[in-house]
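# Breakdown of the fold
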Amino acid sequence: MKCLVLGGAGFLGSYLCKYLVDKGYNVILFDKNQPDYSSFNDMEDKIEVVINDFVECESFDELTKSVDVVFHLISTTVPRNSNQNMGFDIESNVLPTLKLLNNCKKNDVKKVIFFSSGGTIYGITNNIPISEVHSTDPICSYGIHKLTIEKYLQLYWYLYRLDFVIMRISNPYGGRQFLNASQGAVTTFLERALSNEPIHIWGDGNIIRDYIHVSDVARAASKLIDYKGKYKVFNIGNGEGHSLNQICAQIKTVLEREIKVNYEQAKKEDVPINVLDINRAISELDWKPRVSLQEGIRLLIEDWSELI
Ligand SMILES: NC(=O)c1ccc[n+]([C@@H]2O[C@H](COP(=O)([O-])OP(=O)(O)OC[C@H]3O[C@@H](n4cnc5c(N)ncnc54)[C@H](O)[C@@H]3O)[C@@H](O)[C@H]2O)c1
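## A few points about helix H9 (residues 244-255)
- For H9, with twelve residues, the first-to-last C-alpha span of 17 Å sits near the 16 Å given by 1.5 Å per residue.
- Those residues of H9 lying buried are Leu244, Ile247, Cys248, Gln250, Ile251, Val254 and Leu255. Buried positions in H9, seen along its axis, are confined to an arc of 160° and lie on one side of it.
- Residues of H9 that are buried make contact with helix H7 (185-194), strand S8 (199-202), strand S10 (211-213), strand S12 (242-243), strand S13 (261-264) and helix H11 (293-303).
- Looking at the residues trailing H9, positive phi occurs at Glu256, about 55°.

Below, the structure is given as structure tokens:
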């Protein structure tokens, strides 16, 4: 079984590549950046790396030949910056994805697994936890591009029987998350606390999110390779909500000391609450999250132990 991981040098992609290699799959990693293998032993020999720009790529024909499963993790934007240039957001994400899907169809790829966003697709709601059948009304362009790609995946399935599964991921965190990437409160807050710098919170700290450890995301993604059931969309989260203030409290508990927090003006792209209903994934995939938030914070400290 050969898997192609688009965006494999990134935070989630690097964990996924490592997870797939450990499971015995052949992996091709595609990214515009060279992967950083530090802390992942023996990966270099086990992965084929293709460095190219997803947006500039003329064709994905060669890349998708003899590939069984494509994991699509490339996004050129994040929720916070996506409203600044909505045209770029659509052009650089949706159009190259259509090119990719055409080549997947041509080369009989068995399945495309798309990393979508459970945090932005649904928009503002009081129906917590949010199930996969909830209405979708994103309040940022990033959420709209994710939803648009989801719709094209459904269209390619309808027209050409190109199989797909969508992972609507909540808020992942873990050791290789890039700090200051405008995503990842758990990692950013912990790094600030460990450096004795104040944590900056936009708003009053009461916005609630569903935080999932990266290892639980990678395990869910690999379960989807062989999934043959009727569902095409899965929420992948922890199923529990924590406010930003609660994250700070948990960090304080783990570090056993006070931390500094500064509150700043709230951002418009932030929905007030987002917690995913993950019952479909639990019952269909024989999967459930294993890492609690507090355990995840301890794991992060372990991952960073050489830096502390
Ligand atoms: N991290 C989150 O909070 C989160 C939540 C839900 C969904 N997702 C989705 O999961 C996927 C992976 O997220 P991540 O946090 O690992 O992001 P990341 O930014 O760490 O990784 C994305 C990778 O894509 C690569 N990439 C970006 N533009 C490219 C281009 N034009 N050509 C080639 N490679 C390019 C980057 O170099 C990077 O290695 C993304 O699609 C993201 O939208 C992330």
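This is not the end of the story, as more comes after the structure.
## A few points about the domain arrangement of the chain
- Once the domains are mapped, the chain shows domain 1 (2-172 + 213-237) and domain 2 (173-209 + 240-276 + 292-307).
- For domain 1 versus domain 2, the separation of C-alpha centres amounts to 25 Å.
- The partner domain 2 presents 24 residues to the 35 residues of domain 1 that form the contact.
- The contact between domain 1 and domain 2 buries some 2300 Å² in all, and 57% of this surface belongs to carbon and sulfur atoms.
- When the area that domain 1 buries against domain 2 is broken down by residue, the three leading residues are Phe11, Arg80 and His213, summing to 32%.
- Applying the counting rule to domain 1 against domain 2 returns zero salt bridges.
- Where domain 1 packs against domain 2, one counts four residue pairs in polar contact (both at pLDDT 80 or more).
- For the side of domain 1 that touches domain 2, the elements supplying multiple residues, two or more each, are helix H1 (11-22), helix H4 (79-82), strand S6 (164-169), strand S7 (171-173) and strand S11 (233-236).
- Take the side of domain 1 that touches domain 2: its biggest share by element is three residues, from H1.

## A few points about the site of the ligand
- The immediate surroundings of the ligand are formed by 24 residues, with Leu12, Asp31, Phe54, Tyr142 and Lys146 found nearest.
- Residue Phe11 places a main-chain N or O atom 2.9 Å away from an oxygen atom belonging to the ligand.
- Between the ligand and the protein, one listed contact pairs a nitrogen atom with a backbone N or O atom of Phe54 at 2.7 Å.
- Contact with the protein chains hides 89% of the accessible area of the ligand, taken as 820 Å² for the molecule alone.

## Remarks on the nonpolar core
- One finds Leu20, Phe71, Phe115, Met167 and Ile236 to be the most contacted residues of the largest nonpolar core, which totals 43 residues.
- Per element, the largest residue contribution to this core is seven residues, and it comes from H1.
- Once you skip the residues sitting within four places of it in the chain, Leu20 turns out to touch Cys3, Val5, Tyr25, Val27, Phe71, Ser222 and Ile225.
- Ranked by size, the runner-up nonpolar core spans 26 residues in total, among them Phe54, Val70, Phe114 and Val233.

## Things to note about a nonpolar patch on the surface
- Side chains of Leu155, Tyr158, Leu159 and Tyr160 sit close together on the surface and give an oily, nonpolar patch of about 440 Å² of accessible area.
- Within the element layout of this structure, Tyr160 appears in helix H6 (residues 141-160).
- Tyr160 sits in the partly exposed class, given a relative accessible area of 40%.

## What about the environment of Leu255?
- Structurally, the position occupied by Leu255 is in helix H9.
- Classification of Leu255 as buried rests on a relative accessible area of 19%.
- In sequence terms Leu255 and Arg298 are 43 residues apart; their C-alpha atoms lie 9.1 Å from each other.
- Not counting chain neighbours up to four residues away, the residues in contact with Leu255 comprise Ala193, Leu194 and Ile301.

## Considering empty space enclosed by the protein
- Applying the stated criterion across every chain, the model contains one cavity of 30 Å³ or more.
- Quantified by volume, the largest cavity comes out at close to 30 Å³.
- Forming the walls of the largest cavity are Leu12, Leu16, Phe115, Val214, Val217, Ala218 and Ala221.
- Examining the composition of the lining of the largest cavity, we find that four residues originate from one element, helix H8 (residues 214-223), more than from any other.
- Here the lining of the largest cavity is built from residues that sort into seven nonpolar, no polar and no charged.

What counts and what doesn't
Residues numbered from 1 in each chain as written. Predicted model: local features only at pLDDT ≥ 70, side-chain atom pairs only at ≥ 80, totals over all residues. Heavy atoms only, no water. Helix = DSSP H or I, 4+ residues; strand = E, 2+ residues; numbered from the N terminus. Expected span 1.5 Å × (residues − 1). Buried < 20%, exposed > 50% of the residue type's maximum accessible area, 1.4 Å probe, protein only. Arc of directions from axis to C-beta. Contact = heavy atoms within 4.5 Å. Domains from an automatic or database assignment. Buried area = accessible area lost by both parts, 1.4 Å probe. Salt bridge = Lys/Arg side-chain N within 4 Å of Asp/Glu carboxyl O. Polar contact = N/O pair within 3.5 Å; in protein donor to acceptor, adjacent residues only side chain to side chain. Near = heavy atom within 4 Å. Areas by Shrake-Rupley, 256 points an atom, 1.4 Å probe, with all protein chains shown as cover. Core = buried A, V, L, I, M, F, W, Y, C linked by side-chain atoms within 4.5 Å. Patch = residues over 30% accessible without salt bridge, like charges linked within 9 Å, V, L, I, M, F, W, Y side chains within 5 Å. 1 Å grid on protein atoms, 1.4 Å probe; cavity = no way out; pocket = protein on both sides within 12 Å on 5 of 7 lines; lining within 4 Å. Points joined across faces, edges and corners; volume = space filled by probe spheres on them. Nonpolar A, V, L, I, M, F, W, Y, C, P; charged D, E, K, R; others polar.

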